[in-house]
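Chain by chain, the residues:
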Amino acid sequence: MSDERRLMQFYFITKSEVSAHYHQNPEMFYILAGNLEVKIDEQEFHLKAGDIILINANKRHLVNGDDSLLAARFEIDFHVLAEHMETMQLLFWCNTVADKNDAYQELRSLLDQILARYFEKEEKSALHLNALYYETAYLLTSNFLVKTDDARVYLENTQDKQRIRQIQNYIQANYQSEISLNDLAGRLFLSNAYLSRYVKKHLGLTFMEYLNNVRLFHAVDELLYTQKNMTHIALDNGFPTSAAFTKAFRDVYGVAPSEYRKEIRKQEGVEDPRQNLSEEELKLAQRYLELRKEDQEPEAKAVKTVVIDTKEEGTKLSHSYKNICIGEAYKILQSDVQNQIKELKESTGIQYARIWNIFSREECFNEKEGCNFRKMDMVLDFLLENDIKPYIELGHKETVFLYTPERSLKPSEEAKQYSIEIFQQIMSEFTMHLVNRYGLEEIEKWYFEMWNSDKDDMESNLYFSYFDSAYEKLKEISSRIQVGGAGFILGYETRQCLRILERWKDRKITPDFLSVYSYQYTSVFEGDSRYGRKSIDRNYMKNQMEIMKDVIAESGIEIPKIHISEWNFTISNRNLLHDSCEQGAYVLKNCIDMNGEVDMMAYWHALDNYSDYYDADEILNGDSGMISRDGILKPSFYAYTFMNHLLPEVLYKDENSIVTTNGRGHYVIACHNFKKLSAQYVFKDEDQITVDEIDNYVEDSEPLKLSFHLKNVKSGAYLVKTHLVNRENGSAQDIWKRLEYGKNLTKDEMRYLRKSAIPRMEMNHVQVHNDVLEIDCMLMEQEIRLLDIRYHYTAH
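Read on for a plain summary of the structure. Numbering of residues starts from 1 in every chain and runs along the sequence as written. Local features in this predicted model are restricted to residues of pLDDT 70 or higher, and side-chain atom pairs are both shown and tallied only at a pLDDT of 80 or more, whereas totals for entire chains, interfaces and linings draw on every residue. In computing side-chain values, all of the structure's heavy atoms are included and hydrogens and water are not.

1. Details of the overall build of the protein
By definition, any uninterrupted DSSP run of H or I lasting at least four residues is a helix, any uninterrupted run of E lasting at least two residues is a strand, and each is numbered from the N terminus. Within the protein one finds 24 helices and 34 strands. Burial classification: accessible surface area is computed with a 1.4 Å probe over protein chains only, and a residue below 20% of its type maximum counts as buried, one above 50% as exposed, and the rest as partly exposed. Taking all 796 residues of the protein together, 58% fall into the buried category.

In structure tokens:
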């Protein structure tokens, strides 16, 4: 056996591994034919042809296939990968059975190429194969890797994360020595009993089990890649004797270390993975690859032609996207906020404004004096006077501004939840006040949401007590009032969501709508700990919404409506991508993609004023509002403006465009050249991104040519008005860049910036002779564009 380490290698498998076992390295199964059942700890997954699952290092698992099984097993050398990633704490979440991500299609394509290499006879195929291995590893780390020492745990206890890192770092640094729980407890100033319980809770193992796991990890590496005998390996990795090493090894791997070394070396001697396949199995593998090649979509081109028959009946345009999150309700009483909301209404046509903390102790309720709804009325009156319906969050939301998911720029000001008795009192007075002041017909058009930050409360029935109280008080007035909850985070709380919905289904009161949040993060559980990462899935919201719909169906609960009551690509209040053309393209893309998929979407959030803080000393600070605190309109604002110009009937929709009409010779097209974020973005702290580096966080900068052919239109002249925003036109961030990012701009300079940050407008006439209207447009990366096409009547 050679001591040379390879990043990856693979084997065809046709037989099941009949006993539960561990592996030193991550392994990935790709099913070509038949079915494979994989059990990892207590979870079971059923894989069929085309499915992929990656099993993390040292995870106890059992695989069981049927008689027709044919699969490829890819083994990834953990140490080689860890050296490249500069960390030993690696965790993957890659499972097509339980997850949806556009990157899975890219992964299948790479694995197909690796497998196909063995059916080719080229002298340079080994070099090509090695390149494919590294490309596969790059894709896996970009899209499916969680670095568990990276602390990307969404809003979890920071003190716990710090202590876990201290424990892990201490063991990693001292595993070769004789260490004990008592040593570690002394360093952390904790009692042995407390630390023992703490380690078990957060790492899922006892202290000694975790220590032996680390020792075994390094020992197995020496077992495979050195010629050391068992005693040397044992002593060099902290085991007191070779017998202790053998016992620990056998407990985990089921065999003695010497037998394991012999078996692995035997496998390594198999240079050609095909040699254990029968002729029939080889043909089956080749046939699978041929079918995959036939089914694969052609690679995306820089030119796309869209042919639309205008005589075909379209579908009704949904206005589900015309909603925004304002934030703290009483912010609306500020004059600058009111002026910006009016501008939003006029340009984007927003229908609902989501507000929270309406029962504020400072503004609405005092335990001694009771309720005072005067300021609340001022808030609601303003919205209604501007033809905006309230979407009222009834619970308490923390006032917290974030640099990244785990670092806040403003300390959390958690509003303590009222007792259930006081909450019921408030709801009783609140509902009577609303119906007497605004009337039944009006409040039946509003939405009331009961959000809950702690899903453990839902599992303990505490949340349901509050939700039921709000629901009953509102329904006493009218059964038509819409009440929902509970703000599940897509991609993050799916596991809890299923359990909670199954319980909710059996309760007397169920929600009129289910509210969920969409931020581009995903999580994976390791024992009782949850680890999160940023997702760069191009179609994250659409894919995660499909998973949520599957969860709802599995739970058996009947949910009349689904609201995405908060959505954005990040929760950070200081990410400069928010101010960029990328955000405009992201907003337009998701408004198009999700049109008709959900009943409501509320963009988070409308105005930078929501999280204005002392650190915001730049003109643009990376907050997620559509309008800056100085009234500068961002590309995200214009994305909403473009959507507002769409016509009632949708003739065509795809990943880059939507084509609408009024049925009377008027057509409006909204289109974009959205580019997904790159792997470099995943492990970059969001507040550390600079404007000059933005190009580094985009996958590519290729322009896109869209050619629209509208068939069966009336012959004659058409006037085409084009509105566009890109880095050269209408982007406030890029205009500010040309002003050298000045902080203290004069009034004239600020006026120039505001007036310059508007879409470019072009007009041209197109003559139609053969009933086909052809329009070509070249879009820069992250560009958004609106085409307004009208028949131009002329005198004869």
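2. Notes on helix α17 (residues 462-477)
The length a helix should cover is 1.5 Å for every residue beyond the first. The terminal C-alpha atoms of α17, which comprises 16 residues, lie 24 Å apart, in line with the 22 Å expected from a rise of 1.5 Å per residue. Among all positions of α17, only Tyr-463, Phe-464, Tyr-466, Phe-467, Asp-468, Ser-469, Ala-470, Tyr-471, Leu-474, Lys-475 and Ile-477 are buried.

3. Considerations on unusual backbone geometry
Here the amide bond leading from Gly-485 into Ala-486 is cis, since omega sits at 10 degrees, within 30 degrees of zero. Note on placement: Ala-486 falls in strand β21 (residues 482-489). Each neighbour pair has its own omega, and for Trp-604 with His-605 the value is -5 degrees, a cis peptide bond. Mapped onto the elements, His-605 comes out in the loop between β26 (600-603) and α21 (635-644). Even without being glycine, Gln-782 reaches a positive phi, approximately 65 degrees. On the secondary structure map, Gln-782 appears in the loop between β33 (772-779) and β34 (784-791). A relative accessible area of 1% means that Gln-782 is categorised as buried.

4. Section: the sheet that holds strand β11 (residues 303-309)
For sheets, the rule is that strands pair by backbone hydrogen bonds, running either parallel or antiparallel. A pair of strands counts as paired when DSSP detects no fewer than two bridges linking them. Taken in spatial order, the three strands line up as β11-β30-β33 in an open sheet, and their pairing is mixed. A strand with exactly one partner marks an edge of an open sheet, and here the two such strands are β11 and β33. With direction set aside, neighbouring strand axes in the sheet form an average angle of 15 degrees. Pairing analysis gives eight bridges linking strand β30 (residues 704-711) to β33, with the strands arranged antiparallel. Considered in β33, the bridge of Phe-708 is made with Ile-775. Inter-axis angles, ranging from 0 to 180 degrees, are taken between N-to-C directions of lines fitted to C-alpha atoms, where helices are fitted over the stretch in contact.

5. Here's the deal with the pattern of salt bridges
In a structure, side chains of opposite charge can pair up when their charged atoms sit close to one another. Take a side-chain nitrogen of Lys or Arg and a carboxyl oxygen of Asp or Glu: if they are within 4 Å of each other, that pair is a salt bridge. Here the structure, examined in full by the defined rule, presents 34 salt bridges. Glu-618 is the salt-bridge partner of Lys-743, the closest N and O atoms lying 4.0 Å from each other. Taken together, the positions of Lys-743 in the loop between α23 (732-738) and α24 (747-756) and Glu-618 in the loop between β26 and α21 put the pair 125 residues apart, joining distant regions of the chain. In this structure Lys-743 comes out as partly exposed when scored by relative accessible area, which is 42%. Relative accessible area serves as the criterion here: at 23%, Glu-618 is assigned to the partly exposed category.

6. Quick look at the packing of aromatic side chains
Paired rings are identified among Phe, Tyr and Trp, the last through its six-membered ring, by centres lying within 6.5 Å, and are further divided according to the angle between planes into stacked (under 30 degrees), edge-to-face (over 60) and tilted (the rest). One pass over the structure, following the stated rule, counts 39 aromatic pairs. Between the aromatic rings of Phe-373 and Phe-430, the centroid separation amounts to 6.3 Å while the plane-to-plane angle is 55 degrees, which identifies the pairing as tilted. Taken as a pair, Phe-373 in the loop between β16 (370-371) and α13 (374-385) and Phe-430 in helix α14 (residues 420-438) lie far apart in primary sequence, 57 residues in all. Note on Phe-430: relative accessible area 0%, which makes it buried. Ring centres of Trp-736 and Tyr-741 lie 5.2 Å apart, and the angle between their planes is 75 degrees; on these two criteria the pair is classed as edge-to-face.

7. Notes on a negative patch on the surface
On the surface, Glu-502, Asp-506, Asp-550 and Glu-554 cluster together into a patch of negative charge. Mapped onto the elements of the fold, Glu-502 is located in helix α18 (residues 494-505). Note on patches: the residues involved have over 30% relative accessible area and no salt bridge, like charges join within 9 Å, and the nonpolar side chains Val, Leu, Ile, Met, Phe, Trp and Tyr join within 5 Å. The protein chains shown are the only cover counted for residues, whose accessible areas, like all others here, come from Shrake-Rupley with a 1.4 Å probe. We treat Lys and Arg as the positive residues and Asp and Glu as the negative residues; His and chain ends play no part in the count. We put the charge of a Lys on NZ, of an Arg on CZ, of an Asp on CG and of a Glu on CD.

8. A short note on the pairing of strand β14 (residues 352-356)
Along β14, five of the five residues are buried, which leaves the element largely enclosed by surrounding structure. In terms of strand pairing, strand β13 (residues 323-328) meets β14 through five bridges, oriented parallel. Looking at the pairing, Gly-327 lines up with Ile-355 of β14. Crossover β13 to β14 through helix α12 (residues 335-348) is right-handed. Across four bridges, the pairing between β14 and strand β17 (residues 389-393) is parallel. If you follow Ala-353 over to β17, its bridge partner there is Pro-390. By convention, orient the strands away from the viewer: a clockwise path from the first strand over the helix to the second makes the crossover right-handed.

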